[in-house]
Amino acid sequence: MSILPTDRAPVQPMLQAVLSVEPGADEVLFLPLGGTGEIGMNLNLYGHDGRWLIVDIGITFGGDDFPEHDVLMADPAFIVSRRQRLAGIVLTHAHEDHVGAVAYLWKRLKCPVYATPFTAAVARWKLARAGLDAVPVHEVPLGARFEVGPFGVEYVGMTHSIPEPNALLLTTPAGAVFHTGDWKLDERPVVGRSYDAERLRGLRSEPLLAMVCDSTNAVVPGSTGSEGSLFAPLLELVQAAGGRVVVTSFASNVARLVTLARVAEASGRRFGVIGQAMERMVAVARATGYWPADLPALVDARHLGYLPPVEVLAACTGSQGEPSAALTRMAADSHRDILLDPTDTVIFSSKLIPGNERPVAAVHSRLRALGVEVVTDADAHVHVSGHPAVEDLKRLYDWVQPPAVVPTHGTPRHLRANAEIALGCHVPRVAVIGNGDVCRLSAAGPEVLGRVPTGRLALAPSGQLAPVSAPVLAAMRAAVG
């Protein structure tokens with residue numbers, strides 16, 4: 001870990017184990033337990049004046065490299081031991097790597113949960129499924145300002161690949177922190193509001209101590225495209241297809257599903273979604289006003305197989321080769337509702353998450369063996385990311401002009417790339433840290449005080465959580481560099 005000043009000469013701080021961490025009234029502590037130095041299972045802690053706040057509480061998946069560990073999450077032992085000083089959990093948005101662990105870990109934390117309406121609906125569903133219907137989930141309006149313990153919290157509207165992505169402005173008497181969450185700058189987001197450019201520019205007048213920033217696409221040149229740019233190329237592909245068209249995407253990307261519904265309408269096809277996760281997201285989108293009322297009615301997945309192939313456009317789960325997902329079963333010719341024919345086309349309207357290369361390649365191979373045409377983002381413009389590329393990061397740094405940046409949400413390579421971008425934008429101080437590093441944020445700049453132990457929990461087939469063994473944990477950490 002290192003502090004990178006503007007002269008780019010890394011200074012190695014003396015790190016020691018921090019056995020007792022008590023945030024003072026004159027500082028803000030940032031302590032990531034998951035999601036910094038890796039992509040997934042975000043769990044961030046902010047401390048001030050003796051209290052702690054959790055920002056996001058997500059999961060990740062073992063993937064093909066660690067198939068025995070299907071669902072993984074950061075071990076919250078540090079904050080569980082300080083539960084009486086935990087003020088609450090604030091969720092930035094409803095992606096699994098930010099909200100997926102709430103039902104698994106809430107019993108250990110037992111604190112209020114705060115979220116905007118779409119995210120709150122997803123969190124409530126997860127909690128109810130785990131038998132936790134009585135958990136206090138406080139639904140907060142978009143753009144709201146509220147208090148959680150000693151923290152003032154403001155939701156700042158961003159754009160991403162799910163409804164209601166939010167950055168957070170966390171304010172204290174010691175200063176403020178801008179936590180970006182997942183974001184991009186999308187001028188045509190298809191669903192929901194655009195980002196709040198005026199508020200983002202206004203952050204330079206806030207008493208900021210630091211900006212904690214998404215690094216996922218910091219190695220990608222240029223700017224991330226708009227969700228609105230996908231309608232035309234997808235329509236062209238669908239109109240050229242001779243049989244049914246199946247599009248796989250992330251279930252949470254409601255805007256992509258809306259675009260596909262529009263494409264189906266424009267091409268004279270009927271549209272339906274296949275897969276429980278996707279069906280659930282459509283239901284949440286309807287309940288929270290994000291599914292346009294003028295779209296034609298969806299065809300039930302059970303009826304899609306009875307329609308003439310040239311009349312079908314379906315969206316389904318399985319873009320990452322998940323073993324039980326709808327597309328994986330279609331590729332194995334074992335899906336209950338859809339059997340694919342050689343005249344059919346499958347479009348992967350998604351990004352390949354690192355670690356999933358082998359299962360996705362296996363699905364591609366099985367589909368081609370069936371004679372199905374496979375289209376990916378390497379073949380056509382069928383996907384745009386939800387994260388900022390290099391020029392987007394530069395643009396936001398120019399707007400906010402933070403006194404310090406702490407890169408997060410990325411592997412070490414992504415964090416270092418984001419740090420270099422920030423330094424190139426004349427950010428005075430940049431702190432590159434990892435999970436377990438206790439980073440003091442003050443007017444003097446970021447300072448790494450030491451480290452606390454971190455680990456991962458895995459969901460066993462029994463439904464219980466168990467710590468990941470030291471050898472496997474070391475292998476997982478080595479896998480992300």
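Residues numbered from 1 in each chain as written. Predicted model: local features only at pLDDT ≥ 70, side-chain atom pairs only at ≥ 80, totals over all residues. Heavy atoms only, no water.

1. Some words on the overall build of the chain
So, point 1. Helix and strand counts for the chain come out as 14 helices and 25 strands.
So, point 2. Projected onto its principal axes, the C-alpha positions of the chain cover 70 × 45 × 40 Å.
So, point 3. In the chain, which comprises 481 residues, the proportion classed as buried is 59%.
So, point 4. In the chain, once contacts between residues fewer than 6 apart in sequence are set aside, the share between residues at least 24 apart is 73%. (Helix = DSSP H or I, 4+ residues; strand = E, 2+ residues; numbered from the N terminus. Buried < 20%, exposed > 50% of the residue type's maximum accessible area, 1.4 Å probe, protein only. Contact = heavy atoms within 4.5 Å.)

2. Here we look at the sheet that holds strand E5 (residues 59-61)
So, point 1. Judged by pairing direction, the sheet is antiparallel, and its four strands sit side by side in the order E5-E6-E24-E25 without closing on themselves. Each end of this open sheet is capped by a strand with a single partner; those strands are E5 and strand E25 (465-467). Recorded for the sheet is a direction-independent mean angle of 35° between the axes of neighbouring strands.
So, point 2. For E5 and strand E6 (residues 71-74), the ladder comprises three bridges, and the chain directions are antiparallel. Bridge pairing in E6 links Phe61 to Val71.
So, point 3. Relative to the sheet, helix H3 (residues 102-109) contacts E5, E6, strand E24 (456-459) and E25, its axis offset from that of E6 by approximately 40°. (Pairing = 2+ DSSP bridges. Axes fitted to C-alpha atoms, helices over the stretch in contact; angles between N-to-C directions.)

3. Observations regarding the pattern of salt bridges
So, point 1. Enumeration according to the criterion identifies 19 salt bridges in this entry.
So, point 2. Across the pair Glu38 and Arg456 runs a salt bridge whose closest N-O atoms are separated by 2.4 Å. Of this pair, Glu38 sits in the loop between strand E2 (28-34) and strand E3 (43-48) while Arg456 sits in strand E24; the two residues are 418 residues apart in sequence, bridging distant segments of the chain. You'll find Glu38 and Arg456 in the same group, each marked buried.
So, point 3. Residue Asp294 pairs with Arg262 through a salt bridge whose shortest N-O separation is 3.1 Å. Of this pair, Asp294 sits in the loop between helix H8 (276-287) and helix H9 (301-304) while Arg262 sits in helix H7 (residues 254-267); the two residues are 32 residues apart in sequence, bridging distant segments of the chain. (Salt bridge = Lys/Arg side-chain N within 4 Å of Asp/Glu carboxyl O.)

4. Side note on helix H13 (residues 412-424)
It helps to recall that an α-helix has 3.6 residues per turn; residues three or four apart then point in one direction.
So, point 1. The terminal C-alpha atoms of H13 lie 18 Å apart, and with 13 residues this matches the ideal 18 Å at 1.5 Å per residue to within 8%.
So, point 2. What H13 keeps buried is the set Pro412, His414, Leu415, Ala417, Asn418, Ala419, Ile421, Ala422 and Leu423.
So, point 3. Phi turns positive one or two residues past the end of H13, at His426, with a value near 70°. (Expected span 1.5 Å × (residues − 1).)

5. Points about helix H6 (residues 231-240)
So, point 1. Of the positions making up H6, those classed as buried are Pro233, Leu234, Leu235 and Val238.
So, point 2. The secondary structure elements touched by the buried residues of H6 are strand E15 (245-248), H7, strand E17 (312-316) and strand E18 (345-348).

6. Description of the sheet that holds strand E4 (residues 51-57)
So, point 1. The strand order across the open sheet built from eight strands is E9-E8-E7-E4-E3-E2-E22-E23, with neighbouring strands paired in mixed fashion. Both outer strands of the open sheet, strand E9 (137-139) and strand E23 (447-451), are each paired with one neighbouring strand and no more. When strand polarity is set aside, the average angle formed by the axes of neighbouring strands in this sheet is 25°.
So, point 2. Where E2 meets strand E22 (residues 437-441), three bridges bridge the pair, whose relative direction is antiparallel. Bridge pairing links Phe30 to Cys439 in E22.
So, point 3. Against the sheet, H3 touches E3, E4, strand E7 (86-90) and strand E8 (113-115), its axis set at about 165° to E4.
So, point 4. Contacts from helix H4 (residues 117-129) reach E8 and E9 within the one sheet, and its direction differs from that of E9 by about 160°.

7. Details of the confidence of the model for the chain
So, point 1. Confidence along the chain averages 92 in pLDDT terms, with 94% of residues attaining 70 or more.
So, point 2. Here residues 5-16 is a poorly scored stretch, pLDDT under 50, and it has 27 contacts once near neighbours within four places are set aside; other chains count. (pLDDT = per-residue confidence, 0-100.)

8. Remarks on the nonpolar core
So, point 1. Ranked by internal contacts, the top residues of the largest apolar core, which has 75 residues, are Phe118 and Trp291.
So, point 2. If you tally residues by element for this core, the top one is H7, at eight residues.
So, point 3. Excluding its chain neighbours within four sequence positions, the residues that come into contact with Phe118 are Ala94, Ile162, Pro163, Glu164, Val254, Met281, Val284, Ala285, Thr288 and Tyr290.
So, point 4. Ranked by size, the runner-up nonpolar core spans 32 residues in total, among them Leu169, Leu393, Trp399 and Val400. (Core = buried A, V, L, I, M, F, W, Y, C linked by side-chain atoms within 4.5 Å.)

9. Observations regarding the pairing of E23
So, point 1. Across four bridges, E22 lies against E23 in antiparallel orientation. Residue pairing in the sheet places Asp437 in a bridge with Arg451 of E23.
So, point 2. The antiparallel hairpin formed by E22 and E23 contains five residues in its connecting segment, where Gly445 sits at a positive phi of about 110°.

10. Remarks on the environment of Leu208
So, point 1. Tracing the backbone through its elements, the reader meets Leu208 in strand E14 (residues 208-214).
So, point 2. You can call Leu208 buried: its relative accessible area is 11%.
So, point 3. In the structure, Leu208 is positioned 30 residues away from Phe178 in sequence and 7.2 Å away in space, judged by C-alpha atoms.

11. What about the packing of aromatic side chains?
For any pair of aromatic rings, the description rests on two quantities: the centre-to-centre distance and the angle between the ring planes.
So, point 1. Counting across every chain of the model gives six aromatic pairs.
So, point 2. Seen in terms of ring centroids, Trp52 and Phe78 are 5.5 Å apart; in terms of plane orientation they differ by 90°. Their pairing is edge-to-face. Highlighted residues: Trp52 in strand E4 and Phe78 in helix H1 (residues 77-80), separated in sequence by 26 residues.
So, point 3. Phe78 sits in the buried class, given a relative accessible area of 9%.
So, point 4. Among the aromatic residues, ring-to-ring pairing joins Tyr114, Phe146 and Tyr155 into one connected group.
So, point 5. Over the ring of Trp399 we find Arg201; its NZ or CZ atom is 4.5 Å from the centre of that ring. (Phe/Tyr/Trp six-rings, centres within 6.5 Å; stacked < 30°, edge-to-face > 60°. Lys NZ or Arg CZ within 6 Å of the ring centre and 35° of its normal.)

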